[in-house]
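Structural characterization, general
Here is what each chain is made of, one letter per residue.
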Amino acid sequence: MHTDKEKAYIAVILSNTVWSYSAVSGKFLLQSLTPLQIILVRFAIGVVVLSLFSFKEKIPFHVKEEFYYALTGFFGIFLYVWLNHVALIYTTATNVGVLSAITPIITGLFGYIFLKEKQLDRFFWIGSVIAMIGVMLIYLSGMEFKVNIIGDTIVLVNGIIWSVYAVLLGKINQFGYSVMAINRKVNMYGFLFIAIAYIVTNDSREWSGLFDKGIIPNLLILGIGASALCFAGWSYSVKILGAGRTSIFSYFGVILIVFLSSIFLGDRLDGKMMVAICLILLGTIFSEQGKNIVSYINKNNVELYKGGKQNEQEN
């Protein structure tokens, strides 16, 4: 049996795996649909799926709690996901994946300040810096990176928006309801904001593109996977690990974005990329297990020192 912490690790890694594909899938969907059309359909699917999983659990109405659900749905579901798709209009899927890697740093800071996550020790920050060096190496490697001020700025701002969402989610988890029920309500509010935006902006493109080849399968993957199960899995990880430690696993998403972009979009993958990927993996592992690694090394050094002293005395 897996412990809660092990389940949280599995959940966040799987969530980031599917989300990495969603950046590539989103670029494909934008050929036939607008950003609002895409997220309207995918979160309609997500709400249905989450409702099926949690229909037995009712969350009582409390004004203060509803405010948090609505705010979380606005930032994490509507604003973040919508801007992510808007950014893909201007910049590449690889840019989105790489620039989003700054989000764990911001989320860690927000979690430390607003959620009092004191378990974020120096090893977390050192590992984050190492991983960020890997990310910057990817950015400077010239892998289809055509800097676009509008698109890239949206991605960076979105990192802050996601961090706000993570903090709000950490607060909501303290209410004591199940992960599926919480995400059902948050997704419902998010879908409501999406629907309002769709109506207000008078999104005029016809829905005929919905039936283009490959559109519906990709929307189902995003709706069931990225919008329902991934948000629930990520929420569970935040509940067990905290916002900061959960966010560090977003770096796995950067690696996956690089590989997926290489396979599906023809982006170049070279030796410098592999070094960068190794740095990201090293930083991620060190941020999570740095204390244990240092303790193990120190213990072995002490044993070697004692062994050397004993040999000197015997000689």
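Structural notes, computed from the coordinates. In this text, all values refer to a predicted model and were calculated from it rather than measured experimentally.

Examining the overall build of the protein chain
- Along its length, the protein chain carries 12 helices and zero strands.
- When the helices and strands of the protein chain are listed from N to C terminus, the series reads α-α-α-α-α-α-α-α-α-α-α-α.
- Sequence-distant contacts in the protein chain: of pairs separated by 6 or more residues, those separated by 24 or more amount to 90%.
- Counting every atom, the protein chain has about 15100 Å² of accessible surface; 68% of that belongs to carbon and sulfur.

Quick notes on empty space enclosed by the protein
- Under the counting rule described, the total for this entry stands at one cavity of 30 Å³ or more.
- Computed from the structure, the largest cavity encloses a volume of approximately 450 Å³.
- As for the largest cavity, its lining consists of 22 residues, of which Trp19, Ser22, Tyr80, Asn84 and Ser100 are closest to the centre.
- Residue assignment for the lining of the largest cavity shows that the elements contributing at least two residues are helix H1 (4-29), helix H3 (63-90), helix H4 (93-99), helix H9 (215-241) and helix H11 (250-264).
- Each residue belonging to the lining of the largest cavity can be placed in one class, and the counts come to 11 nonpolar, 10 polar and one charged.

Focus on the packing of helix H5 (residues 103-114) against helix H7 (residues 149-172)
- Where H5 contacts H7, the axes come no closer than 9 Å and their chain directions differ by 35 degrees. Relative to H7, H5 is oriented so that their crossing is right-handed. Across from Thr103, Ile106, Thr107, Phe110, Gly111 and Phe114 in H5, the residues of H7 making contact are Gly159, Ile160, Trp162, Ser163, Val164, Ala166 and Val167.
- Here the residues of the contact of H5 with H7 are counted per class, giving eight nonpolar, five polar and no charged.

Brief notes about the packing of H3 against helix H8 (residues 179-200)
- Packing of H3 against H8 leaves a shortest axis separation of 7 Å and a crossing angle of 65 degrees. Helix-helix and strand crossings are classified by hand; for H3 and H8 the assignment is right-handed. For the pair formed by H3 and H8, the contact residues are Glu66, Tyr69, Ala70, Thr72, Gly73, Phe74, Ile77 and Phe78 on the first element and Ile182, Lys185, Val186, Asn187, Tyr189, Gly190, Phe191, Phe193, Ile194 and Ala197 on the second.
- A per-class count over the contact of H3 with H8 returns 12 nonpolar, four polar and two charged.

Quick notes on the pattern of salt bridges
- Taken as a whole and assessed by the stated rule, the structure comprises one salt bridge.
- With a shortest N-O distance of 2.7 Å, Glu66 and Lys185 are connected by a salt bridge. Of this pair, Glu66 sits in helix H3 while Lys185 sits in helix H8, and the two are 119 residues apart along the sequence. The residues Glu66 and Lys185 share a single accessibility class, namely buried.

Describing the nonpolar core
- Counting residues in hydrophobic clusters, the biggest one holds 78 residues, and the most contacted among them are Ile194, Leu219, Phe231, Trp234 and Tyr251.
- Among residues more than four places away in sequence, those in contact with Tyr251 are Ala101, Pro104, Ile105, Ser128, Ala131, Met132, Val135, Ile280 and Thr284.

Calculation rules
- Residues numbered from 1 in each chain as written.
- Predicted model: local features only at pLDDT ≥ 70, side-chain atom pairs only at ≥ 80, totals over all residues.
- Heavy atoms only, no water.
- Helix = DSSP H or I, 4+ residues; strand = E, 2+ residues; numbered from the N terminus.
- Contact = heavy atoms within 4.5 Å.
- Areas by Shrake-Rupley, 256 points an atom, 1.4 Å probe, with all protein chains shown as cover.
- 1 Å grid on protein atoms, 1.4 Å probe; cavity = no way out; pocket = protein on both sides within 12 Å on 5 of 7 lines; lining within 4 Å.
- Points joined across faces, edges and corners; volume = space filled by probe spheres on them.
- Nonpolar A, V, L, I, M, F, W, Y, C, P; charged D, E, K, R; others polar.
- Axes fitted to C-alpha atoms, helices over the stretch in contact; angles between N-to-C directions.
- Left-handed = near helix turned anticlockwise from the far one by under 90°.
- Salt bridge = Lys/Arg side-chain N within 4 Å of Asp/Glu carboxyl O.
- Buried < 20%, exposed > 50% of the residue type's maximum accessible area, 1.4 Å probe, protein only.
- Core = buried A, V, L, I, M, F, W, Y, C linked by side-chain atoms within 4.5 Å.

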